[in-house]
Amino acid sequence: MAMYCDTVDLSLFQGRWVRSDTKADNVEAYMKWLGMSDECETAQETNEPQVQIITSLDKENMSLVHQLPWRSGQQVEYTCHFDGKYHPIPQELIKSGAVSGSAEWMHKFDEDGLVCEQKLTVNGKSHTLRSCRTLESQNETKVTYVCLPVVDGFPGPAVRYFNRIPFK
């Protein structure tokens, strides 16, 4: 099978992407399975708007500016390496609470898309949170989240969408 990065024009990922606050699939059931109630502060923060400005992307690296407007306008700039190895998550993201689980993540391309994996514990068991980003159109990306291994009671993947919003 061809790798996703070999079948898509990666330059289409560059730009300002804003997470949709109206279009998502199965997010509430997924968060409940992770142990977050609707009233939970972490669950509410997980629903905050996010802006990801991808400044460069190729088969080896992605550089971006990650904006978290509900967290005092926090902005973190970092580069992810697509080498299939775990790397430290930027401390600013961990301190903000925008990232849960371990302090390491791994990025790579596979046949499905741009993948990020992060280790976390759910109900006392080790899992891997896998997110896979794909272009749905020139102006929309889809990010599918799944927790591995899949176990009984797992509600299925959650999906978030990001829309390309140009700078004004």
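Use the structure listed above.
Quick summary incoming for the structure in this document. (Residues numbered from 1 in each chain as written. Predicted model: local features only at pLDDT ≥ 70, side-chain atom pairs only at ≥ 80, totals over all residues. Heavy atoms only, no water.)

## Some words on the packing of aromatic side chains
- Evaluated as defined, the whole model comprises three aromatic pairs.
- Look at Y4 and F13: their rings are 6.4 Å apart centre to centre, the planes differ by 65 degrees, and that puts the pair in the edge-to-face class. With respect to class, Y4 is no different from F13; both count as buried.
- Their ring planes at 65 degrees and their centres at 4.8 Å tell us that F82 and F109 sit as a pair that is edge-to-face. Separated by 27 residues along the polypeptide, F82 in the loop between β4 (74-81) and β5 (86-88) and F109 in strand β6 (residues 104-109) bring together distant segments of the chain.
- Its relative accessible area of 11% is what places F82 among the buried residues.
- Classification of F109 as buried rests on a relative accessible area of 7%. (Phe/Tyr/Trp six-rings, centres within 6.5 Å; stacked < 30°, edge-to-face > 60°. Buried < 20%, exposed > 50% of the residue type's maximum accessible area, 1.4 Å probe, protein only. Helix = DSSP H or I, 4+ residues; strand = E, 2+ residues; numbered from the N terminus.)

## Digging into unusual backbone geometry
- Of the consecutive residues L148 and P149, the connecting peptide bond is found in the cis state with omega at -5 degrees.
- Its identity as a non-glycine residue notwithstanding, N26 has a phi of 65 degrees, on the positive side.
- Positionally, N26 belongs in the loop between β1 (15-25) and α2 (27-33).

## Let's talk about the pattern of salt bridges
- By the definition in use, this model includes four salt bridges.
- A salt bridge links D6 to K59; the shortest N-O distance between them is 2.6 Å. Separated by 53 residues along the polypeptide, D6 in helix α1 (residues 4-7) and K59 in the loop between β2 (51-57) and β3 (61-68) bring together distant segments of the chain.
- A residue is classified by how much of its surface remains accessible, and D6, at 48% relative accessible area, is partly exposed.
- K59 gets classed as partly exposed once you look at its relative accessible area, which sits at 47%.
- Of the charged contacts in the structure, one is a salt bridge between E117 and R130, with a shortest N-O distance of 3.8 Å. (Salt bridge = Lys/Arg side-chain N within 4 Å of Asp/Glu carboxyl O.)

## Here's the deal with the environment of V65
- Structurally, V65 is set in strand β3.
- Relative accessible area serves as the criterion here: at 10%, V65 is assigned to the buried category.
- Separated by 49 residues in sequence, V65 and R16 have C-alpha atoms that sit 9.1 Å apart.
- Discounting chain neighbours no more than four positions away, the residues touching V65 are V51, Q52, I53, Q75, V76 and E77. (Contact = heavy atoms within 4.5 Å.)

## Side note on the environment of L64
- With respect to the secondary-structure elements, L64 resides in strand β3.
- In this structure L64 comes out as buried when scored by relative accessible area, which is 3%.
- Each C-alpha atom of the pair L64 and R16 lies 9.4 Å from the other, and the pair is 48 residues apart in sequence.
- Discounting chain neighbours no more than four positions away, the residues touching L64 are Q52, I53, I54, T55, V76, E77, Y78 and C80.

## Some details on the pairing of β2
- When you tally the buried positions in β2, you get five out of seven residues, the bulk of the element.
- The sheet contact formed by β1 and β2 spans four bridges and is antiparallel. Across the sheet, the residue bridging to V18 is V51, located in β2.
- Where β2 meets β3, six bridges bridge the pair, whose relative direction is antiparallel. What sits directly across from L57, in β3, is M62.
- The hairpin turn running from β2 into β3, its antiparallel successor, is three residues long. (Pairing = 2+ DSSP bridges.)

Purely geometric numbers; function is a separate question.
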